[in-house]
Amino acid sequence: MFTGEYEHNVDAKNRIFVPARFRDELGDTFMVARDLRGARLKVFSLEGWQSYIAPIMEQERRVSEKALRYLHRNAMQVSPDSQGRILLSRELLDYAEIDKCAVIVGCSSYVEIWSRDNWAAELEGEDNDEISRELERFGL
């Protein structure tokens, strides 16, 4: 399970360090893709990626082919180097508005990569009372 929050710089070659505890769970090769709901990236193990796209595979081809093309055209299959860094494309970094500093956040079954500024804005906009009510509604 992915938990925790880590801040790391993106180097001049567009590489970012992935925490060892995340790498252990992600495996030797994993997927990085645009998040469909905002300016951030999602990171999945290969098995997690297959689970993520499984509902698309159940749709008719006309729909699934477009969706798969959209998801995969900027996604990357990456492998960390000996220092635990992955190379991200300029397109992914631009999409997530990541310039120099990124925040890597565990989200149970996947990982998110945010720009520091966008992450700070996300936290500032959190309504803890609303989140508490939703969690209670879920039975937590």
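A few points on the structure. (Residues numbered from 1 in each chain as written. Predicted model: local features only at pLDDT ≥ 70, side-chain atom pairs only at ≥ 80, totals over all residues. Heavy atoms only, no water.)

With that out of the way, let us pick up the pairing of strand β8 (residues 111–115). For β8, the tally of buried residues reaches 5 of 5 residues, placing the bulk of the element in the interior. Neither face of β8 is left uncovered, since the one carrying Val111, Ile113 and Ser115 and the one carrying Glu112 and Trp114 both have all their residues buried. When strand β4 (residues 41–45) meets β8, the two strands line up antiparallel, connected through 3 bridges. Note that in β8 the partner of Val43 across the bridge is Val111. Across 5 bridges, the pairing between strand β7 (residues 101–106) and β8 is antiparallel. Residue pairing for β8: Val105 is matched across the bridge by Glu112. (Buried < 20%, exposed > 50% of the residue type's maximum accessible area, 1.4 Å probe, protein only. Helix = DSSP H or I, 4+ residues; strand = E, 2+ residues; numbered from the N terminus. Pairing = 2+ DSSP bridges.)

On to the pattern of salt bridges. Counted by the stated rule, this structure contains 10 salt bridges. Its salt-bridge partner being Asp35, residue Arg40 comes within 3.0 Å of it at the nearest N-O pair. (Salt bridge = Lys/Arg side-chain N within 4 Å of Asp/Glu carboxyl O.)

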